[in-house]
Amino acid sequence: MTDQLGFSTRAVHAGFDPDPQTGAVNVPIYASSTFAQDGVGGLRGGFEYARTGNPTRTALEANLAALESGRHGRAFASGMAATDCALRATLRPGDHLVIPDDAYGGTFRLIDKVFTQWGIEYSVAPVSDPDAVRNALRPNTKLVWVETPTNPLLNVGDIAALAGVAHGGGAKLVVDNTFASPYLQQPLLLGADIVIHSTTKYLGGHSDVVGGALITDDPELDAAFAFLQNGAGAVPGPTDAFLTLRGIKTLAVRMDRHCDNAETIAEFLSGHPAVAQVIYPGLPQHPGNAVAQKQMRRFGGMISVRLAGGRDAALKFCSSTKLFTLAESLGGVESLIEHPGAMTHASTAGSALEVPADLVRLSVGIEDVSDLLADVEQALL
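Parameters and conventions
As a convention, each chain's residues are numbered from 1 in the sequence order in which they are written. A pLDDT threshold of at least 70 governs which residues receive local features in this predicted model, and a stricter bar of 80 or more applies before side-chain atom pairs are shown or counted, although totals over entire chains, interfaces and linings include all residues. For side-chain calculations, the full set of non-hydrogen atoms in the structure is used, while hydrogens and water are omitted. Here, a salt bridge means any side-chain nitrogen of Lys or Arg that lies within 4 Å of a carboxyl oxygen of Asp or Glu. We count a stretch as a helix when DSSP gives it H or I for four or more residues in a row; a strand needs E for two or more, and each element gets its number in order from the N terminus. The classification of residues rests on relative accessible area computed with a 1.4 Å probe and restricted to protein chains. Under 20% of the type maximum is buried, over 50% is exposed, and intermediate values are partly exposed. Two strands pair under a simple rule: DSSP has to find at least two bridges between them. In what follows, a contact means two residues having at least one pair of non-hydrogen atoms within 4.5 Å. The convention used is that axes are lines fitted to C-alpha atoms, helices contributing only their stretch in contact, and that angles between N-to-C directions extend from 0 to 180 degrees. Segmentation into domains, and thus their bounds, comes from an automatic or database assignment. Here the buried area means the combined drop in accessible surface, using a 1.4 Å probe, for two parts upon being joined, counting both sides. We define a nonpolar core as any set of buried Ala, Val, Leu, Ile, Met, Phe, Trp, Tyr and Cys residues linked to one another through side-chain atoms lying within 4.5 Å. UniProt positions are given in the numbering used here, feature names are shortened, and annotations may be inferred rather than shown by experiment. The arc in question is the one traced by the directions running from the helix axis out to the C-beta atoms. Within 3.5 Å is the distance limit for a polar contact, defined as a pair of N or O atoms, with the added protein rule that one can donate a hydrogen and the other accept it, and that residues adjacent in sequence qualify only through two side-chain atoms. In this analysis, rings of Phe, Tyr and Trp, with Trp reduced to its six-membered ring, are considered paired at centre separations within 6.5 Å, and the interplanar angle assigns stacked below 30 degrees, edge-to-face beyond 60, and tilted for intermediate values.

Q: Which parts of the structure should I look at to understand the pattern of salt bridges?
A: Pairs may arise between side chains of opposite charge once their charged atoms sit close together. Within the structure shown, the criterion is met by 18 salt bridges. The salt bridge partner of Arg88 is Asp84, with a shortest N-O separation of 2.7 Å. One end of the pair is Arg88 and the other is Asp84, both in helix H3 (residues 79–90) and four residues apart, which spans about a single turn. A relative accessible area of 32% means that Arg88 is categorised as partly exposed.

Q: I'm lost on the sheet that holds strand S10 (residues 325–326) in this one. Help?
A: The strand order across the open sheet built from five strands is S8-S9-S12-S11-S10, with neighbouring strands paired in mixed fashion. Both edges of this open sheet fall to strand S8 (275–279) and S10, since each of them pairs with a single strand only. The pairing of S8 with strand S9 (residues 302–307) spans four bridges and is antiparallel. Its bridge partner being in S9, Val278 is matched across the sheet by Val305. The sheet strands contacting helix H10 (residues 251–270) are S8, S9 and strand S12 (359–363), and the helix crosses S9 at an angle near 15°. Strands in contact with helix H12 (residues 310–320) are S9, S10, strand S11 (336–338) and S12; relative to S9, the strand with the most contacts, it is inclined by about 135°.

Q: How do you make sense of the sheet that holds strand S5 (residues 172–176) when you look at a structure like this?
A: In sheet architecture, strand pairing relies on hydrogen bonds along the backbone and comes in two forms, parallel and antiparallel. The mixed open sheet is built from seven strands, whose spatial order is S1-S7-S6-S5-S4-S2-S3. With partners counted over all chains shown, the strands left at the sheet margins are strand S1 (72–76) and strand S3 (121–125), one partner each. Averaged over all pairs of adjacent strands, the angle between strand axes in this sheet comes to 20°, irrespective of strand direction. Here S5 runs beside strand S6 (residues 194–198); their pairing, made up of three bridges, is parallel.

Q: Would you explain the domain arrangement of the protein in this entry?
A: Reports of interface size often rely on the accessible area that becomes lost once the parts have come together. The domain boundaries assigned to the protein delineate domain 1 (7–246) and domain 2 (251–380). Relative to domain 2, the C-alpha centre of domain 1 lies at a distance of 25 Å. Counting residues at the interface gives 40 residues for domain 1 and 44 residues for domain 2. Of the roughly 3,300 Å² buried between domain 1 and domain 2 on both sides combined, carbon and sulfur atoms contribute 65%. The largest per-residue losses of area from domain 1 upon contact with domain 2 belong to Tyr183, Leu184 and Tyr202, which jointly make up 25% of the total buried on that side.

Q: Help me out: how do you make sense of the nonpolar core in this one?
A: The tendency in soluble globular proteins is for nonpolar side chains to be buried as a group. Formed by 58 residues in total, the largest nonpolar core has its most connected members in Leu269, Ile303, Val305, Phe317, Val360 and Leu362. Of all the elements, H10 adds the most residues to this core, at eight residues. Counting the residues that make up this core, at least three belong to each of domain 1 (7–246) and domain 2 (251–380). If we ignore the near neighbours within four places in the chain, the residues touching Leu269 are Val275, Val278, Ile303, Val305, Leu362, Val376 and Leu380. If you look at the next biggest cluster of nonpolar residues, it comprises 26 residues, including Ala86, Ile99, Leu110 and Ile111.

Q: Any chance you could explain the UniProt feature "modified residue: N6-(pyridoxal phosphate)lysine" (unreviewed entry) in the protein here in plain terms?
A: When the UniProt feature table is mapped to this numbering, "modified residue: N6-(pyridoxal phosphate)lysine" (unreviewed entry) covers Lys201. Take Lys201: it is sitting in the loop between S6 and strand S7 (212–216). Assessed through its relative accessible area of 16%, Lys201 is described here as buried. The residues contacting Lys201, other than those within four sequence positions of it, are Thr178, Ser329, Leu330 and Gly331.

Q: What exactly am I supposed to notice about helix H6 (residues 159–168) here?
A: Within the sequence span of H6, burial applies to Ile159, Leu162, Ala163, Val165 and Ala166. Considered in projection along H6, the buried side chains sweep an arc of 160° and stay on one side of the axis. Where H6 is buried, its residues meet helix H5 (130–136), strand S4 (141–147), S5 and helix H11 (289–295). Measuring from the side-chain oxygen of the N-cap residue of H6 to the backbone nitrogen of Ala160 gives 3.3 Å; that N-cap residue is Asp158.

Q: Looking at this model, I keep getting lost on helix H13 (residues 369–379). Mind explaining?
A: Three or four residues apart is the spacing at which side chains of an α-helix point the same way, because the helix has 3.6 residues per turn. Restricting attention to buried positions, one finds in H13 the residues Leu372, Asp375, Val376 and Ala379. Projected onto a plane normal to the axis of H13, the buried residues spread over an arc of 95° and lie on a single side. The secondary structure elements touched by the buried residues of H13 are H10 and H12.

Q: Where do I start with the packing of aromatic side chains in this structure?
A: How two aromatic rings sit relative to each other is set out by the distance from centre to centre and by the angle between their planes. Here the structure, examined in full by the defined rule, presents three aromatic pairs. Seen from their ring centres, Phe7 and Tyr183 are 5.3 Å apart, and the 55° between their planes marks the pair as tilted. Remark: Tyr183 occurs in helix H7 (residues 181–184) and Phe7 occurs in helix H1 (residues 7–13); sequence separation between them is 176 residues. For Phe7, a relative accessible area of 7% corresponds to the buried category.

Following this line, the structure appears as structure tokens:
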């Protein structure tokens, strides 16, 4: 029945019914590392050891799958743990994958510095150009890894078209849906094989918990994820799972406010003389605007800008805000500002993925937009 309900209803209810004994409307934090068995091998409720499974985590995984309109969800200790699992479950030495030419720095670092040591090859291509992605495929390509919108340049990829490209080359399509969240975009419905999230960001939404997730419709992929989740052990604790579930309940209302504020700020920045370029999928001049309109509910809470005064102006902007906190991460209720080239994407320096030095990334929170506008305006003086 859950998959027939609206998004906000699923966010609140999927994965857990009120406790039949106590009537608790929230899933309990099952702070237990092990579970009593009814005889050797007789698992009570299917649980034996918390690395393998925990009721709080199971509720979160069911909720995540419902939000992405998928059949299987797996929760991890961080977004990078989920990334690592997805790569190890789908790639073997000698395989090749395609990644965005402006991928998240942590994803690039893991692939470039770790997986290449084990015989994995990769190529980069713009997610906004399906033909370029097709040209990057090789006979040994097993995975096409996509972010849309990308981090930090907010390029938009046509998920349905990219799924066709990947599947035509015998590869799986992974979509990192962190920036959009399942409220704005559901890649499995557009042909993706795997959806990945840093649940630290919009899903948790309050900058108080770290986590990651993988969602798929493919039972064989899910079995591979489950094996590595248990075997490698990068799982969230029950309190982390509880906090993520608590955040998810308000995802829809938060995302609407993030989008409202971001749209207003993007329009303001577009007319500011200190700003050379505003990068936001909701602006008509964004090259991915038409695709974003087709596959997204709205355009998200992330804005990137390039400063007319170059790197020095970008650094000054980052250090001059008062409400926008200078910090890494994104997707929380509070507004954040950062310089990707020196912070989240420092690992891409000197590579094909190096980000512009004049780029600043804004994670627009849910504060009163008039206060955020005033803060941005004074910081650009």
